[in-house]
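Descriptive analysis of the structure
Residues per chain, in single letters:
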Amino acid sequence: MEALLANYVEKSLKQYMRRNAIFLCERLYAEFPSEVNLQLLARCYLNNNQPHSAYHVLKGMQMAQSRYLFAVACLEMDLFSEAETALLPIEELCAHVTNGAAVQYLLGIIHRDTNRMKSSVEHFRKALSIDPLFWAAYEELCILGEAEEAAVCFGDVAIHYVQEHYLGNASSYLQIANSDQSLDSSQAFGLEDLSLSHLQQMEGNNIRNICLNNHGGPNLTGPVGQITNSCCNSSFFRTPSPVLTQLSDMAPPPLIRNIRFCQNEVSLRSSTQARREFVRENESAQIRGSLFFDSGRRRSARLAAAQRSFNSTQGSENKANNLRASIKLNSGTCYSTVCKGQFQNLEEAFRATSSSLSSSADVKSVQDETVNTQLRSFISNSSKIKSGISDTINLLRILGEGYRHLCEYRCQEALNVYQKLSSKQYNTGWVLSQVGKAYFELVDYLNADYAFSLARQISPYNLEGMDVYSTVLYLMKEDMKLKYLAQELISIDRFAPQAWCAIGNCYSFQKDHETALKSFQRAVQLNSRFPYAHTLSGHENVIIEDYGNAVECYQKALHVDARHYKSWYGLGMIYLRQEKIEFAEHHFRQAYRINPFSSVIMYYLGTTLEALKRSEEALVMMEKAIVTDNKNPLPKYSKANMLVTLGRLNEALEILEELKECYPRESSIYALMGEIYKQHKKYDKSMLHFGIALDLKPSIVDVAKIQAAIGKLILPDEIEDNL
Amino acid sequence: MATESSESEEEGKITGGNQHLIVEDDLREMGKKAAWSVSSCKTGNGVSSLRDDNLETYWQSDGAQPHLVNIQFQKKVKLQLVVLYVDFKLDESYTPSKISIRAGDGFHNLKEIKTVELVKPTGWVYLSLSGNDPRETFVNTFMLQIAVLSNHLNGRDTHVRQIKVYGPRPNPIPHQPFQFTSREFITYSTVR
């Protein structure tokens, strides 16, 4: 009865019959109160959005899987400390839980939300090393600004690792079958002899080791040690591990080293070598492409991108189901998603081969015929799997590289990287939103508008990035489109902070700043970890001149995401207005450090430096701004202004003449030129320019200023006449 | 400024009033930063009725003329426009007729800067504080006093429904000599 009920509950869960599942599971647990059933019950609750029930049910349970589910429930309820205590000790948990990478990822999230950034980064990195296809971990690293180059994380090492993981068992299995490899035929595999748990244990160790190897850098020393400590299968992997560490450095040698290394070992090793050779035979071009780490080549880029995109898709796909369906590997939630159909066979083979390999030393049952037939099927499947893996990792690499560039505001590079995607991948909501964001940061609002509208056409339900789109429309003063967007977003999801941000932008455009502020606050309420809502609230507060609240809002945004350079900018502007210039400089510099490609930030930093009387530095900064974005007229204007103060009037005039050509209707250019001519004592020219400036309808303050200036012009004339 | 009220030939006389309050974008309401007080008021019709954005409520004075509305700022501000909502049709003898605007540092040195006579006003009445000289577009002052010197039909007390005070918007980009007018300049001037 227990098995029947458990099965039925699983089935109901799969079909999303949640109430059914909960009810039956409660009956199951009442009848057979075991911790496994309790875990199932908790899963039912979590599925039905009842984290509190899961929390109470699992409180105090010590089994690894229970602790993991308990931590998930705690996180949903924002109970960080309890979640953390549940997830420690980590290593033991990783060994027993099916998703060791997920554990690291959760710890990373907890640390990030409790302001322990460094350890958070470490955890994310570990998650990525355990599972190179864990996109969410890479994404978080990018947001924290600590991501390594995508090519490293989703590089050949990772490909190899994933391939090995899936193919290794199969290939070794195959190699042993290949007689020309001089394998000890007695080293056949007792597939049936190994228990699944033993296999899983080894799998877990292997994969963890290989993962850690693959990650390269700081993790290298760890795994080697671990490997020596691990169980019988460690010898199998001792061969590849040092090789793998080399893999992370460069591409071509590892393969050869693998083989050579293998050949030095006993039959176990030779099987590895055979596996590698086999791998090479079948996928030589592909693997060479990946191993010969040529970042310029599309293939390796694709590989990395594949991995990255895979990680991204992974997040969105139903990892768990696939994994559980195809493999029951401990380490590989991620892998399951990769190997949906194709890998199924291979994984079984892998399991079989690894188990058999590890036990080859122990078990020497010979089953040649079975080996041969299975080998043949493995050969055909493994090639598919390998190409699948490398394609996936390629995709992930491109996407990850693009995402990382965008997070570090290298927008042009991000755009270039995204161009490398296939049109199938490019024309998706996520990618187009990213492209839109890149154009937005480049102040190219037309292209941003185009990209975002395309994204909306393709996936109208995807609201991520739509807050940025609403800002683009706001800045382009397209109020019809903005209103339409806001209406659409709200109708899709009333509880999405992006929708409320769009509505707030609408109201702000109508100059109804109070309501705009309320809308942004509503977005904050819906998700207090959405930094842009805080930043927009700050902007609105500045417009209504409530600087106290504005500072608070910006600081909240920075608390959530210290790399949100717009909040740094906002704070800098407030301090600039309040004449607290040193503070302003500090904040603009922080913004500049985060986004060193924004000409607007450079412009303000330059203005602040000028206010601090550091004119040379100010000029340098303005030059940088001009070089960064030639279309931005403000740094040029400001430079002209600074030159006027420094007395270099002719240079200033040159710049202003250029500006005049491009922007003939900008009153301030003429006003400044009028000032310059006045200093040159060319009163008629000065008068002319002041007149044009007035014609162009400047603000009231400027009208007064210019008229006063004209008044002063006339006086010297009169004085000269009188003399 | 859209003023549909017609100024009669006699200087300082304003007839009629606007139904809608339309002020240039360059100006912003400065009253929120000021302390408002009145010389006298009837219970229930105090100074808050002057600032509640509700044209149904009004301030009613309760003492001798002139009736004063005092607006005091914490620092010197530039002011350009005073707008009153008064309605002869509703208030008849309570409607102010002669208004004097004074400015200064405090009660001790207020100087009259503008006098105006209203003739049967019905709506928003705009009183510009600018002088003729372009250097006098704004009044830079700590305090503004609006004095109601006399009412229509020789009424003793006065009703004023709303008062707003406007000054220029500061340059959105600090430390720039002139404000920007063209779209491209403004686009590049903010990060949002």
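Residues numbered from 1 in each chain as written. Chains lettered and ligands numbered in written order. Predicted model: local features only at pLDDT ≥ 70, side-chain atom pairs only at ≥ 80, totals over all residues. Heavy atoms only, no water.

The name recorded for chain B in an unreviewed UniProt entry is Anaphase-promoting complex subunit 10, from Durio zibethinus. Under Sequence similarities (unreviewed entry), UniProt gives the following word-for-word description of chain B: "Belongs to the APC10 family." As stated in UniProt under Function (unreviewed entry), the record for chain B gives "Component of the anaphase promoting complex/cyclosome (APC/C), a cell cycle-regulated E3 ubiquitin-protein ligase complex that controls progression through mitosis and the G1 phase of the cell cycle." (UniProt positions renumbered as here; feature names shortened; annotations may be inferred.)

As recorded in an unreviewed UniProt entry, chain A goes by the name Cell division cycle protein 27 homolog B-like isoform X3, listed as coming from Durio zibethinus. Its UniProt record gives chain A the following Subcellular location (unreviewed entry) comment, quoted word for word: "Nucleus".

This part covers the UniProt feature "repeat: TPR" (unreviewed entry) in chain A. Residues and elements named next belong to chain A. Under the UniProt annotation, the feature "repeat: TPR" (unreviewed entry) is placed at residues 101-134, 497-530, 565-598 and 667-700. Taken end to end, residues 101-134 is 79% helix and 0% strand, and its two terminal C-alpha atoms sit 8 Å from one another. End C-alpha to end C-alpha, residues 667-700 measures 12 Å, and it is 79% helix and 0% strand. (Helix = DSSP H or I, 4+ residues; strand = E, 2+ residues; numbered from the N terminus.)

Let us look at helix α8 (residues 100-113) of chain A. For α8(A), spanning 14 residues, the distance from its first C-alpha to its last is 20 Å, which sits close to the expected 20 Å at 1.5 Å a residue. A:Asn115, located one to two residues past α8(A), shows a positive phi value of around 70°. (Expected span 1.5 Å × (residues − 1).)

Examined at the domain level, chain A breaks down into domain 1 (1-166), domain 2 (409-462), domain 3 (463-562) and domain 4 (665-717). The distance between the C-alpha centroids of domain 2 of chain A and domain 4 of chain A comes to 45 Å. (Domains from an automatic or database assignment.)

Mapped onto the secondary structure, B:Phe178 falls in the loop between β12 (162-168) and α2 (183-187). Setting aside residues no more than four positions away along its own chain, B:Phe178 makes contact with A:Tyr637, A:Ser668, A:Ala671, A:Leu672, A:Glu675, A:Asp702, A:Lys705, A:Ile706 and B:Asn171. (Contact = heavy atoms within 4.5 Å.)

The next point concerns the interface of chain B and chain A. Opposite the 35 residues of chain B that make contact, chain A presents 59 residues. Summing both partners gives a buried area of about 3,900 Å² for chain B against chain A, and 61% of it is carried by carbon and sulfur. If you sort the residues of chain B by the area they bury against chain A, B:Phe178, B:Tyr188 and B:Arg192 come out on top, with a joint share of 28%. Between chain B and chain A we count three salt bridges in total. The interface formed by chain B and chain A contains 17 residue pairs in polar contact (both at pLDDT 80 or more). (Buried area = accessible area lost by both parts, 1.4 Å probe. Salt bridge = Lys/Arg side-chain N within 4 Å of Asp/Glu carboxyl O. Polar contact = N/O pair within 3.5 Å; in protein donor to acceptor, adjacent residues only side chain to side chain.)

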